[in-house]
Amino acid sequence: MSIGRIIRHLLQHHWRRRRDFPPAVLARIEQAIKAGEATHSGEVRFVVEGALDGAPLFRDQPARERALDVFSHLRIWDTADNNGVLIYLLLADHDVEVVADRGINAKVGAEGWETICKEMEADFRAGDFERGVIKGVTAVSRELATHFPKARGGANELPDAPVVM
């Protein structure tokens, strides 16, 4: 367990998350998710977490493992075509993770998701979180549209609103 990581997470206050993701930005991210989902039958969720606390922090839970927990908790795996995708951002660690259900993951693979993460991280390093997230949502939607194009009358299985933790 890294003492530096613990300090970074303990000092990461909700103000930063609110500063980087005010309601107007969250609304634009939600609109990007809705627009993307109009082109495919998959489900995209975006979650931003300022910092870990309690057991996850003191267990030294990596961002990837936390993203898997969130993926499960939000039941993103529970889509009819196994094509749910989570974009998870842990601000205190400056880490973005994409977790995809087996249907879409078999088609895109870890390398494809990592490419999307790296493109998002470039915008994050420049301080443009909104642009990075929207680029990520657009890239994920492009992959879903390629492999799971929109079928007539397909239902929206999961909420489109970003989750702030």
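Residues numbered from 1 in each chain as written. Predicted model: local features only at pLDDT ≥ 70, side-chain atom pairs only at ≥ 80, totals over all residues. Heavy atoms only, no water.

**Student:** Give a description of the pairing of strand β2 (residues 84-90) that names residues and reports values.
**Tutor:** Burial of β2 is extensive: seven of the seven residues sit out of reach of the surface. Neither face of β2 is left uncovered, since the one carrying Gly84, Leu86, Tyr88 and Leu90 and the one carrying Val85, Ile87 and Leu89 both have all their residues buried. Across seven bridges, strand β1 (residues 43-49) lies against β2 in parallel orientation. Looking at the pairing, Val44 lines up with Val85 of β2. In this structure, the hairpin formed by β2 and strand β3 (residues 95-100) is closed by a connection of four residues, where His94 is found at a positive phi of approximately 50 degrees. (Buried < 20%, exposed > 50% of the residue type's maximum accessible area, 1.4 Å probe, protein only. Helix = DSSP H or I, 4+ residues; strand = E, 2+ residues; numbered from the N terminus. Pairing = 2+ DSSP bridges.)

**Student:** Got a sec to walk through the packing of helix α3 (residues 23-37) against helix α7 (residues 129-147)? Specific residues and values, please.
**Tutor:** Helix packing geometry: the angle between the two helix axes and the distance between the axes. Relative to each other, α3 and α7 sit at 10 degrees, their axes nearing to 9 Å. Classified by the interaxial angle, the pair formed by α3 and α7 is roughly parallel. At the point where α3 passes α7, the crossing takes the right-handed sense. Only Glu130, Val133, Ile134, Val137 and Ser141 of α7 make contact with α3, whose side of the interface consists of Val25, Arg28, Ile29, Ala32, Ile33, Gly36 and Glu37. Classifying every residue of the contact of α3 with α7 gives seven nonpolar, two polar and three charged. (Axes fitted to C-alpha atoms, helices over the stretch in contact; angles between N-to-C directions. Parallel < 35°, antiparallel > 145°, perpendicular 65-115°, else oblique. Left-handed = near helix turned anticlockwise from the far one by under 90°. Contact = heavy atoms within 4.5 Å. Nonpolar A, V, L, I, M, F, W, Y, C, P; charged D, E, K, R; others polar.)

**Student:** Break down the environment of Met120 for me, with residues and values.
**Tutor:** For Met120, the location among the structural elements is in helix α6 (residues 102-125). Taking relative accessible area as the criterion, Met120 reaches 1% and is therefore assigned buried. Remark: the alpha-carbon pair of Met120 and Lys135, spanning 15 residues in sequence, is separated by 6.7 Å. Residue contacts for Met120: discarding those within four places in its chain leaves Ile87, Val96, Gly132, Val133 and Gly136.

**Student:** Describe the nonpolar core, listing the residues and the values that go with them.
**Tutor:** Membership of the largest hydrophobic core comes to 30 residues, with the highest contact counts inside it found for Phe21, Phe46, Ile87, Leu89 and Trp113. Looking at this core, the elements that each hand over two or more residues are α3, β1, β2, β3, α6 and α7. With seven residues, α6 is the single largest residue contributor to this core. Dropping the residues within four chain positions of it, Phe21 is found in contact with Leu26, Ile29, Phe46, Val48, Leu89, Leu91, Phe129 and Val133. Core analysis: the second largest hydrophobic core is formed by 13 residues, Ala63, Phe71, Leu86 and Val163 among them. (Core = buried A, V, L, I, M, F, W, Y, C linked by side-chain atoms within 4.5 Å.)

**Student:** How would you summarise the side chain of Glu37 if you had to cite specific residues and measurements?
**Tutor:** Mapped onto the fold, Glu37 is located in helix α3. Comment: no salt bridge for buried Glu37; closest opposite-charge side chain is Lys150, at 6.7 Å. (Lys, Arg positive; Asp, Glu negative; His and termini not counted. Salt bridge = Lys/Arg side-chain N within 4 Å of Asp/Glu carboxyl O.)

**Student:** Summarise the packing of aromatic side chains; cite the residues concerned and give the values.
**Tutor:** Inspection of the entire model under this criterion finds three aromatic pairs. Ring geometry for Phe21 against Phe46: centres 5.8 Å apart, planes inclined by 40 degrees, an arrangement best described as tilted. Of the two residues, Phe21 is situated in the loop between α2 (14-20) and α3 and Phe46 in strand β1; the sequence distance between them amounts to 25 residues. No difference in accessibility class separates Phe21 from Phe46, as the two residues are buried. Both rings, one in Phe124 and one in Phe129, keep their centres 5.2 Å apart while their planes meet at 25 degrees; by these two values the pair is stacked. For Phe129, a relative accessible area of 8% translates into the label buried. (Phe/Tyr/Trp six-rings, centres within 6.5 Å; stacked < 30°, edge-to-face > 60°.)

**Student:** If you had to explain α7 to someone new, which residues and values would you point to?
**Tutor:** When the terminal C-alpha atoms of α7 are compared, their 27 Å separation across 19 residues agrees well with the 27 Å that a helix rising 1.5 Å per residue should span. Where α7 starts, the residue carrying a side-chain oxygen 3.1 Å from the main-chain nitrogen of Arg131 turns out to be Asp128. (Expected span 1.5 Å × (residues − 1). Polar contact = N/O pair within 3.5 Å; in protein donor to acceptor, adjacent residues only side chain to side chain.)

**Student:** Account for the pattern of salt bridges, naming residues and giving values.
**Tutor:** Close approach of charged atoms lets side chains of opposite charge pair. Counting across every chain of the model gives 10 salt bridges. Here Arg75 and Asp78 are joined by a salt bridge, their closest N and O atoms 2.7 Å apart. For Arg75, a relative accessible area of 44% translates into the label partly exposed. The exposure class of Asp78 is partly exposed, given its relative accessible area of 37%. Linked by salt bridges that have partners in common, Glu30, Lys34 and Asp160 make up one network.

Everything listed here is a matter of coordinates, which is why it stays silent on function.
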